[in-house]
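Examination of the molecular architecture
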Amino acid sequence: MGYKLGEVILSRDTIARRVKELASDIANDAGKDKSLVIVGILTGAAFFLTDLVRELPEELDVRVDFMSVASYGDDTKSSGVVRIFHDLKSSIEGKNVIVVEDIVDSGLTLSHLLELLKSRDPTSLKVCVLLDKYERRKTEVKVDYCGFRIPDKFVVGYGLDCAGMWRHLKDIKYVIEE
Ligand code: IMP
């Protein structure tokens, strides 16, 4: 069985417009003289994060850090443990943190990661996702900023991959199994 690219679900222009809106919401909520630590979850969110932070105003004190994680568990049961492949470079204690993720699906990875980050005592901890496959949620995750809610179909592009392929596409497309 192989895969091929299907139709565009979100075009580069639609994504760019929404990224600007999300950055504006984040900046408004942060207010003046605030500092933000934007934590990107590798690898997928790196593409979204770099566009997002460049839409934030110059006056805002913005720091960027990355993490690479995987959650242990299987389809039915999650162990609640996050395995860290690459940790943050700096402490988030007393910081206003926004976790940036490409897509939230079952929600397990993100909810485990948020528990872990909470234990490091940030002043605030928010979540920004580009895509939300809300129909597939297995655990509640509070998403503060959401780009698009999408149906339960596999998508690639703009950082999202299928077995490592198609992250580099400018548009987000469906994948067709053949
Ligand atoms: P979950 O929310 O813990 O189930 O996992 C979210 C992760 O699943 C994301 O970070 C993606 O790596 C992956 N994922 C879920 N749906 C898709 C998709 O449609 N395309 C590409 N990756 C996906």
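So, here's what we can say about the structure.

The rules behind the values
- Residues numbered from 1 in each chain as written.
- Predicted model: local features only at pLDDT ≥ 70, side-chain atom pairs only at ≥ 80, totals over all residues.
- Heavy atoms only, no water.
- Helix = DSSP H or I, 4+ residues; strand = E, 2+ residues; numbered from the N terminus.
- Buried < 20%, exposed > 50% of the residue type's maximum accessible area, 1.4 Å probe, protein only.
- Contact = heavy atoms within 4.5 Å.
- Expected span 1.5 Å × (residues − 1).
- Arc of directions from axis to C-beta.
- Polar contact = N/O pair within 3.5 Å; in protein donor to acceptor, adjacent residues only side chain to side chain.
- Pairing = 2+ DSSP bridges.
- Right-handed = clockwise from strand over helix to strand, strands pointing away.

Examined against the element boundaries, Ala 46 turns out to sit in helix α2 (residues 45–53). Since its relative accessible area comes to 19%, Ala 46 is described here as buried. Every residue in contact with Ala 46, bar those within four places of it in the chain, is listed here: Ile 41 and Phe 66.

Take helix α1 (residues 12–30) next. Compared with the 27 Å implied by 1.5 Å per residue over 19 residues, the 27 Å span of α1 between its first and last C-alpha is a close match. Of the residues making up α1, those classed as buried are Ile 15, Val 19, Leu 22, Ala 23, Ile 26, Ala 27 and Ala 30. The arc enclosing the buried residues of α1, seen along the axis, measures out at 135°, which places them on a common side. α1 presents Asp 13, Arg 17 and Asn 28 as exposed residues on the side facing more than 90 degrees away from its buried surface. Following α1 by one or two positions, Gly 31 adopts a phi angle in the positive range, close to 70°.

Attention now goes to the side chain of Ser 106. With respect to the helices and strands, the residue Ser 106 is situated in the loop between β5 (96–104) and α3 (108–118). Of note is the side chain of Ser 106, whose polar atom sits 3.2 Å from the backbone nitrogen of Leu 108.

With nine of its nine residues buried, β5 lies for the most part within the structure. Bridge analysis of strand β2 (residues 35–41) against β5 gives four bridges, and the strand direction is parallel. Looking at β5, one finds that Gly 40 is bridged to Val 100. Remark: the β5/α3/strand β6 (residues 124–132) crossover connection has right-handed handedness.

The three strands lie next to each other as β1-β9-β8, forming an open sheet whose pairing is antiparallel. Every other strand in the sheet has two partners, leaving β1 (3–10) and β8 (155–156) as the edge strands with one partner each. Relative to strand β9 (residues 172–177), β8 runs antiparallel, the two sharing two bridges. Its bridge partner being in β9, Val 156 is matched across the sheet by Lys 173.

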